[in-house]
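What the coordinates show
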Amino acid sequence: LRPVFRRLNCPGPVAADLSREEQPPGSVETGSEDKIPKKRFSEVQKERREQAQRTVLIHCPNKINERKFLKYLSQHGPINNHFFYEGFGLYAVVEFCRKDSVYSLQGGIHTPSLGTEAAIPFKSRFFNLKLKNPSSQISEQPCVETTNQLPPSSKKLFEILYYAESIDDQLNSLLRKFQLTEENTKLRYLTCSFIEDIAAAYFPDCTVRPFGSSVNTFGKLGCDLDMFLDLDEFGKVSTNKNVGNFLMEYQVKNVPSERIATQKILSVIGECLDHLGPGCVGIQKILNARCPLVRFSHQPSGFQCDLTTNNRIALKSSELLYIYGALDSRVRALVFSVRCWARAHSLTSSIPGAWITNFSLTMMVIFFLQRRSPPILPTLDSLKTLADAEDKCIIEGNNCTFTHDLNKIKPSGNTETLELLLKEFFEYYGNFAFSKNSINIRQGKEQNKPDSSPLHIQNPFETSLNISKNVSQSQIQKFVDLARESAWILEQDNKNGPSPRIRPWGLAAVLLPSVVNSKSLTTKKRKKPGSETVKNLLESIKSNSTENPLSTNEK
Ligand code: GTP
Ligand code: MG
């Protein structure tokens, strides 16, 4: 087995910015070495946002001469970096060194004159590049190299897992292939920046921040883009001239509740995206949800976007998960594999319903890692005790204080391998007293459930709430059955030792569809998979059919 990769000695990306596979020149330096302090979440967000504001997106002809293209754009100032990707055509993301280069570029661009249609002349940073004399130029253009924005196919994943050296290697490889790349992260911040430009038409000081898996270190290529429209003046330096006995306030419209204010704001922004937003399609205003949102597709980036406002606690949850993800390299490797496992067995779904969510699964992994001996992750309460005055944070009466400084948290002395942790995760939840106990990452110990919901995971910041209230008894039963079966499969692998690998093994084996049908699962009968069944499964993966059980596309 490979050595266990500890906190400060982990393979590939780690620490403050964990989204890259390789660091392209000129990208934000966030540090992954021993001696470099790990960046705070807020610092990463600030740098990335500023980087996005200097960046443009260009829809290019399918064949383009990269050198000439860059020379043409450099007229407006030096370029920090760029990359191409394919979506509905070829796109270039170009980051200038200075923001005024973007203004210079915009100054020389005109809105198109169309035939029968009319253009809405909204001047964004998303452009269309045409060749002046296409027929003479196209044949001589070399193809540009494009970056990949999609997760690996099931076939590719199977190959990676099949040829890995050990189960630890399988989990680390899966993480490396599925995690957000540097380019994909840039595209996410750029998309938020575009939406911010549109929202700024109404709210000039607003910020649109990504949250959820795009930034919490647990994002998989293909995951949705959660955005938070921040209109709050909180934290901004007041420039009020406090001379005299006067206090000036804005005249505003009043509505009966915060919720109604949120709905009204999102409704207007939704209309704006629909009518003015280049590339924003399929706008749905879901304003009666518990957390009102506007959902839409950003066609050029291919992201499914959920825009919310007045949702500051979710931003805090993202920061907390970021810290947990950065503390120990085993956390992300385990979470990615558990998420893939749940998806492969249809325990999670892109359709809302009685299923468990990726957010809940992440909480379950964190809780499990807090329960190891010695613990791999600290409890939220202990992160709170490490907080100093500037970390103090109360949102809507909820205490959301915890340290933001990763360097203050002592690394764990636990050296368990990923192989062991994966098996133990399945064993732990295969035997967890879900009917009696609640999962609670604040205290890191089981608590009596306060109500009868089949799965109770305490919301870490709004502690009277259950983040998995939607999960049905049958879904939790399915989870338990599959966890037991997976523990059993890994145990068999272990007992049989390093046999010639004629069948899917380790992680690949637990991602395959259950070999016992759902009826026999509930009666707890377990059969060793027959060689014929396994052969068929192997063939089905190799043929990469659309029904492929390893299909991991999220949305
Ligand atoms: P993906 O499935 O990869 O999109 O994971 P995600 O973490 O981004 O989940 P999702 O898009 O469903 O939600 C975005 C964020 O909203 C999460 O990261 C949480 O911070 C928050 N969130 C989601 N569901 C809940 C919930 O039930 N309760 C609370 N308090 N927050 C939630
Ligand atoms: Mg999400």
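Predicted model only: the values in this text are computed from it and were never measured.

Reading the values: rules and limits
- Residues numbered from 1 in each chain as written.
- Chains lettered and ligands numbered in written order.
- Predicted model: local features only at pLDDT ≥ 70, side-chain atom pairs only at ≥ 80, totals over all residues.
- Heavy atoms only, no water.
- Phe/Tyr/Trp six-rings, centres within 6.5 Å; stacked < 30°, edge-to-face > 60°.
- Helix = DSSP H or I, 4+ residues; strand = E, 2+ residues; numbered from the N terminus.
- Buried < 20%, exposed > 50% of the residue type's maximum accessible area, 1.4 Å probe, protein only.
- pLDDT = per-residue confidence, 0-100.
- Contact = heavy atoms within 4.5 Å.
- Donors = N, O, S within 2.8 Å, 3.2 Å for Na, K, Ca; no water.
- Near = heavy atom within 4 Å.
- Polar contact = N/O pair within 3.5 Å; in protein donor to acceptor, adjacent residues only side chain to side chain.
- Areas by Shrake-Rupley, 256 points an atom, 1.4 Å probe, with all protein chains shown as cover.
- Nonpolar A, V, L, I, M, F, W, Y, C, P; charged D, E, K, R; others polar.
- Pairing = 2+ DSSP bridges.
- Axes fitted to C-alpha atoms, helices over the stretch in contact; angles between N-to-C directions.

Comments concerning the packing of aromatic side chains
- Taken as a whole, this structure holds 22 aromatic pairs when the rule is applied.
- Seen from their ring centres, tryptophan 341 and phenylalanine 426 are 4.8 Å apart, and the 50 degrees between their planes marks the pair as tilted. Separated by 85 residues along the polypeptide, tryptophan 341 in helix α10 (residues 329-344) and phenylalanine 426 in helix α13 (residues 418-430) bring together distant segments of the chain. For the pair formed by tryptophan 341 and phenylalanine 426, the shared burial category is buried.
- Note on phenylalanine 402 and phenylalanine 461: the rings are 6.0 Å apart at their centroids and 20 degrees apart in plane angle, and the pair reads as stacked. In this pair, phenylalanine 402 sits in the loop between β12 (398-399) and α13 while phenylalanine 461 sits in the loop between β14 (447-448) and α14 (473-496), placing the two residues 59 residues apart along the sequence. Taken as a pair, phenylalanine 402 and phenylalanine 461 share a single burial class, namely buried.

Side note on the confidence of the model for the protein chain
- Of the residues in the protein chain, 81% reach a pLDDT of 70 or more, and the chain-wide mean stands at 85.
- This model gives residues 1-35 a pLDDT under 50, and the stretch forms 100 contacts once residues within four places in sequence are excluded.
- Overall fold confidence for the complex sits at a pTM of 0.87, while the interface term, ipTM, reaches 0.97.

Details of the coordination of the magnesium ion (ligand 2)
- Listed as protein donors to the magnesium ion (ligand 2) are Asp224 (OD) and Asp226 (OD); their distances from the metal cover 2.1 Å.
- Among the residues examined, aspartate 226 registers a relative accessible area of 13% and is labelled buried.

Quick notes on the site of ligand 1
- Taken together, 14 residues are adjacent to ligand 1, and Ser213, Asp224, Asp226, Asn358 and Asn459 come closest.
- Between ligand 1 and the protein, one listed contact pairs an oxygen atom with a side-chain N or O atom of aspartate 226 at 3.0 Å.
- In this structure, alanine 314 approaches ligand 1 through a main-chain N or O atom, which is 3.5 Å from an oxygen atom.
- Its free accessible area being 600 Å², ligand 1 has 79% of it covered by the protein chains.
- Of all elements in the fold, only α9 (312-327) and α11 (358-370) reach the threshold of two or more residues within the shell around ligand 1.
- Counted by class, the shell around ligand 1 contains five nonpolar, six polar and three charged residues.

A word on the sheet that holds strand β9 (residues 293-298)
- On the basis of which strands lie adjacent, the open sheet formed by five strands has the order β6-β7-β10-β9-β8 and mixed pairing. Looking at the sheet topology across the chains shown, the edges are occupied by β6 (207-211) and β8 (280-286). Across the sheet, the axes of successive neighbouring strands diverge by a mean angle of 25 degrees, strand direction being ignored.
- Where β9 lies against strand β10 (residues 303-309), five bridges are found, and the strand directions are antiparallel. In the strand pairing of β10, valine 294 is matched with leucine 307.
- Helix-sheet contacts for helix α8 (residues 258-276) involve β7 (225-230), β8, β9 and β10, and the interaxial angle to β8 is about 160 degrees.

Focus on the sheet that holds strand β3 (residues 89-96)
- As summarised here, the arrangement of the five strands in space is β4-β1-β3-β2-β5, forming an open sheet in which the pairing is mixed. Bordering the open sheet on either side are β4 (126-128) and β5 (146-147), each of which pairs with just one other strand.
- Direction of pairing for strand β1 (residues 55-60) relative to β3: antiparallel, over a ladder of six bridges. By the bridge assignment for β3, threonine 55 is matched with glutamate 95.

Points about the pairing of β10
- The buried fraction of β10 amounts to six of the seven residues, a majority that puts the element mostly inside the structure.
- Where β7 meets β10, five bridges bridge the pair, whose relative direction is parallel. Its bridge partner lying in β10, phenylalanine 228 is registered against threonine 308.
- Hairpin geometry of β9 and β10 is characterised by an intervening segment of four residues between the two adjacent antiparallel strands and by a positive phi of about 80 degrees at glycine 302.

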